[in-house]
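# A structural walkthrough
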4 protein chains.
Amino acid sequence: MIESTIQLRVLYAHTDKMGVVNNARYLEYFEAGRNDLLRKTGYPYTELEKENIALPVIEANCKYLSGAKYDDVVTIKSFLKEMPTVKIKIDYEVYVKDKLIASGFTIHSFVNLDKMKPVRPPEKFLNILKKLKN
Amino acid sequence: MIESTIQLRVLYAHTDKMGVVNNARYLEYFEAGRNDLLRKTGYPYTELEKENIALPVIEANCKYLSGAKYDDVVTIKSFLKEMPTVKIKIDYEVYVKDKLIASGFTIHSFVNLDKMKPVRPPEKFLNILKKLKN
Amino acid sequence: MIESTIQLRVLYAHTDKMGVVNNARYLEYFEAGRNDLLRKTGYPYTELEKENIALPVIEANCKYLSGAKYDDVVTIKSFLKEMPTVKIKIDYEVYVKDKLIASGFTIHSFVNLDKMKPVRPPEKFLNILKKLKN
Amino acid sequence: MIESTIQLRVLYAHTDKMGVVNNARYLEYFEAGRNDLLRKTGYPYTELEKENIALPVIEANCKYLSGAKYDDVVTIKSFLKEMPTVKIKIDYEVYVKDKLIASGFTIHSFVNLDKMKPVRPPEKFLNILKKLKN
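### A few points about the overall build of chain A
The helix and strand inventory of chain A stands at 3 helices and 7 strands. Ordered by position from N to C terminus, the α and β elements of chain A give β-α-α-β-β-β-β-β-β-α. A compact globule built from 134 residues would reach a C-alpha radius of gyration of about 14 Å, and chain A, at 16 Å, matches this within 12%. When the backbone C-alpha atoms are referred to their principal axes, chain A occupies close to 45 × 35 × 20 Å. Burial statistics for chain A: of 134 residues in total, 42% are counted as buried.

Right, here's the structure in full:
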C-alpha cells in the first residue's frame, strides 16, 4: 500500500454556518491529499499531464463522522491500495488529532487530455507503483 | 416520490483547468437542489432550524458521467424516494439539456441544533411527506 | 448606463461560521452578475471567447456593509457605467430585499485567449455598447 | 511592521478554465495569510473569539498581475503596517517563486461576537502589537 499524510489548517472559508467544515470542501481536502500521494510516488500529476494524460474523477464518496472546526489542523491520509487498471481508486481518511472525522474514496479514469478518451495508464507509472508496493 | 427541478448557470468559478465543473462543486449543486426540494414540501430547511433541528450530511456520493462547461445551464433534479427514519436520503441527477452528466445522493441525520445529538424527525414533517406521497 | 439584475439564493456552502456569506463568495456573486450583464448586451462572454478574447480580472474590490444569511435571496445588480477602453470596469451592488449589503467593482483587461496579451475590444462589442447607451 | 509568510500548493479546485487560480480564491489565500499573521503575534484569531470579538471583513481589494498555475507553490506574505484603531488593515502579496502575481488588502472592524456591534480592540492585543513593532 502506498500512502501519504498531509496537514491543512481549517479556515473560515472552509466552514459553514453549522460551525464546521462544509461537506463539499472535503472533496478539495481529498484533492490535496491525492496531489501529495502522486508526488510521493515520484510521478506527480503534472508528469501525467505532460504525457497527455488526465485523471478525471468518475466517482467520489465521503462519509462524515464528525466535524472539523475553525483553526483545527486536519490530517489527510491518502492510500493507493490496489494497482490501477483503466481506473485508479484512492482512499482517504481525515483526522483532527487522533479522531477520524471523515473517510472516503475517489475513482478516476485514465483519459488522454486532448480527446478525453479512455487510455491505459503509462507503463512507467505502473512500474513505479509496482516497485513501491514491494 | 417527491421531486424538485432547478436550473443554475455554470460560472468560471465553478470550472477548473480541465475546462469543466470541478468535482467538489457538484456537492454545492446538490445542496441547491436539496434546498429547493425541502421548500417544495412546504417545510423548508429554515423551518427545521426553527424547531432546533439540523440535517448534517453523513454521506455524500457522486458519479460523474460527463462534464458541464462554462455558461451551460445545468438542471438539478432532486428526489425523496423513501420516507425518512432517523436519517433522510436524497437522490440527485444533474443534466445539461437532456444529457445526464452526474448522479448521486446525500444521506443526512436529524440532530438537534444545540447539542448535535440524533433526534427523530418532527411529526409535522413526516405528516407533510406522507400526504405528498399519496 | 447598462445594467442587469439577477437573484440567487444563499446556500449553506456560501456561509461561514459567522453565520453570513463568506467574503470570498461575493466575488463569485459578482461573476454571476457580470455573466448576466454581458448576456443582456447581446454579446455574452462566450461570444468574446469565440473571437479569441478573454477578460481576466485585474482588480477586484468589495465593501461589505452587512451580512446575507442562509436562505436569503440576494439581488445582484451589475452596471457598466463607462465605455471600455483596453479595460472594462463593472460595478456591483448586492441587496437583501431593499437593503444594500455590499458594493464593489471589477476591472478586466481585454486579452487574446491564446497568448494572454492585451488587445483592443472588438469593434462589434463597442458598437453594441454605444447603441445601448443611447 | 509585523509580517508572516506561508506557502500553499495550487490545486485543480483553485483554478478555473482559464488555467490559472480563479480571482475569488485569492480572498481565501488572503485569509490563510491573515490567520498565520495573527498567530505569529501570539494572539491568534481564536483568542479574539474567546474574548467575544470577531473581525468581519468590511473591505477587500486585490490586484491581479499574473496567474498562478496548477501545482505552483504560492507564497503568501501578510503585513500589518499600521496599528489598529477600531479597524485593522492587513496587506498581502502573493508570489510564485520570486514573481509577484497579486497584491491586496483587507480591512476589518472589531465587533463583539454576540451583537456584531463595533468595539475597541482588546488592550492586550494592542500591547502585544506595540511590543512587536519595537
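### Re unusual backbone geometry
A negative phi angle is the norm for most residues apart from glycine, just as the trans form is the norm for most peptide bonds. For Asn 52 of chain A, which is not glycine, the phi dihedral falls at a positive 70 degrees. With respect to the helices and strands, Asn 52 of chain A occurs in the loop between α2 (45-50) and β2 (53-54). A positive phi angle, close to 50 degrees, is found at Lys 97 of chain B, a residue other than glycine. Considering the arrangement of structural elements, one finds Lys 97 of chain B in the loop between β5 (87-96) and β6 (99-109).

### What to know about the relation of the copies chain A and chain C
The operation relating chain A to chain C is a screw motion whose rotation component is 180 degrees, with 0.0 Å of axial translation and a residual RMSD of 0.0 Å. Here the symmetry operator amounts to a two-fold rotation axis. Most of the interface of chain A is mirrored in chain C, where 100% of its interface residues again form contacts.

### Things to note about the interface of chain A and chain C
Counting residues at the interface gives 9 residues for chain A and 9 residues for chain C. Among the residues forming the side of chain A that touches chain C, the class breakdown is 4 nonpolar, 3 polar and 2 charged.

### Focus on the interface of chain B and chain A
Every contact between the two is made by 15 residues of chain B and, on the other side, 15 residues of chain A. Elements with a contribution of two residues or more to the side of chain B that touches chain A: α1 (25-41) and β3 (57-64) of chain B. It is β3 of chain B that contributes the most residues to the side of chain B that touches chain A, 8 residues altogether. The class makeup of the residues in the side of chain B that touches chain A is 10 nonpolar, 2 polar and 3 charged. Pairing between strand β3 (residues 57-64) of chain A and β3 of chain B: 5 bridges, direction antiparallel. Residue pairing for β3 of chain B: Ala 60 of chain A is matched across the bridge by Cys 62 of chain B.

### Let's talk about the sheet that holds β3 of chain A
What the 10 strands build is an open sheet, ordered β1(A)-β4(A)-β5(A)-β6(A)-β3(A)-β3(B)-β6(B)-β5(B)-β4(B)-β1(B); its pairing is antiparallel. Here the strands that pair on one side only, and so sit at the sheet edges, are β1 (2-9) of chain A together with β1 (2-9) of chain B. On average, each strand axis in the sheet is tilted by 15 degrees relative to the strand beside it, whichever way the strands run. Inspection of the sheet shows β3 of chain A paired to strand β6 (residues 99-109) of chain A by 7 bridges, in the antiparallel sense.

### Observations regarding the nonpolar core
Among the nonpolar cores identified, the biggest contains 135 residues, and Val 94 of chain A, Val 94 of chain B, Val 94 of chain C together with Val 94 of chain D are the most heavily contacted of them. The contact partners of Val 94 of chain B, leaving out residues within four places of it in the chain, are Tyr 26, Tyr 29, Val 74, Ile 76, Ile 101 and Ala 102 of chain B.

### A few points about the sheet that holds strand β4 (residues 73-80) of chain D
In sheet architecture, strand pairing relies on hydrogen bonds along the backbone and comes in two forms, parallel and antiparallel. Read from one edge of the open sheet, 10 strands run β1(C)-β4(C)-β5(C)-β6(C)-β3(C)-β3(D)-β6(D)-β5(D)-β4(D)-β1(D), paired in antiparallel fashion. Only two strands of the sheet have a single partner each, and these edge strands are β1 (2-9) of chain C together with β1 (2-9) of chain D. Taking each pair of neighbouring strands and ignoring which way they run, the sheet shows an average axis angle of 15 degrees. In this structure, β4 of chain D lies alongside strand β5 (residues 87-96) of chain D, joined through 6 bridges in antiparallel fashion. Its bridge partner lying in β5 of chain D, Lys 77 of chain D is registered against Glu 93 of chain D. With respect to the sheet, helix α1 (residues 25-41) of chain C is in contact with β1, β3 (57-64), β4 (73-80), β5 (87-96) and β6 (99-109) of chain C, its orientation differing from that of β1 of chain C by roughly 135 degrees.

So, how was this worked out
- Throughout, a residue's number is its position along its own chain's written sequence, starting from 1.
- Lettering for chains starts from A, numbering for ligands starts from 1, and both go in the order in which the items are written.
- Where local features are concerned, this predicted model is filtered to residues with pLDDT of at least 70; where side-chain atom pairs are given and counted, the filter is 80 or more; whole-chain, interface and lining totals use all residues.
- Numbered from the N terminus, helices here are DSSP runs of H or I no shorter than four residues, and strands are runs of E no shorter than two.
- Here the globule rule is a power law, 2.2 Å times the number of residues to the power 0.38, and the radius of gyration is based on C-alpha atoms.
- The exposure scheme places C-beta atoms from the backbone and then counts, for each residue, the other C-beta atoms within 10 Å of its own, assigning buried at 20 or more, exposed at 12 or fewer, and partly exposed in between.
- Here the copies are superposed with least squares, the fitted atoms being C-alpha atoms of residues at a pLDDT of at least 70 in both.
- A residue pair is marked as a contact if its C-beta atoms, positioned from the backbone, fall within 7 Å.
- Here the term charged refers only to Asp, Glu, Lys and Arg, the term nonpolar to Ala, Val, Leu, Ile, Met, Phe, Trp, Tyr, Cys and Pro, and the term polar to all other amino acids, Gly among them.
- Strand pairing is defined by DSSP finding a minimum of two bridges between the two strands.
- Lines are fitted to the C-alpha atoms to define the axes, a helix being fitted only along its stretch in contact, and any angle between axes, read from their N-to-C directions, falls within 0 to 180 degrees.
- Among buried residues, those of type Ala, Val, Leu, Ile, Met, Phe, Trp, Tyr and Cys that are joined through C-beta atoms within 7 Å form a set called a nonpolar core.

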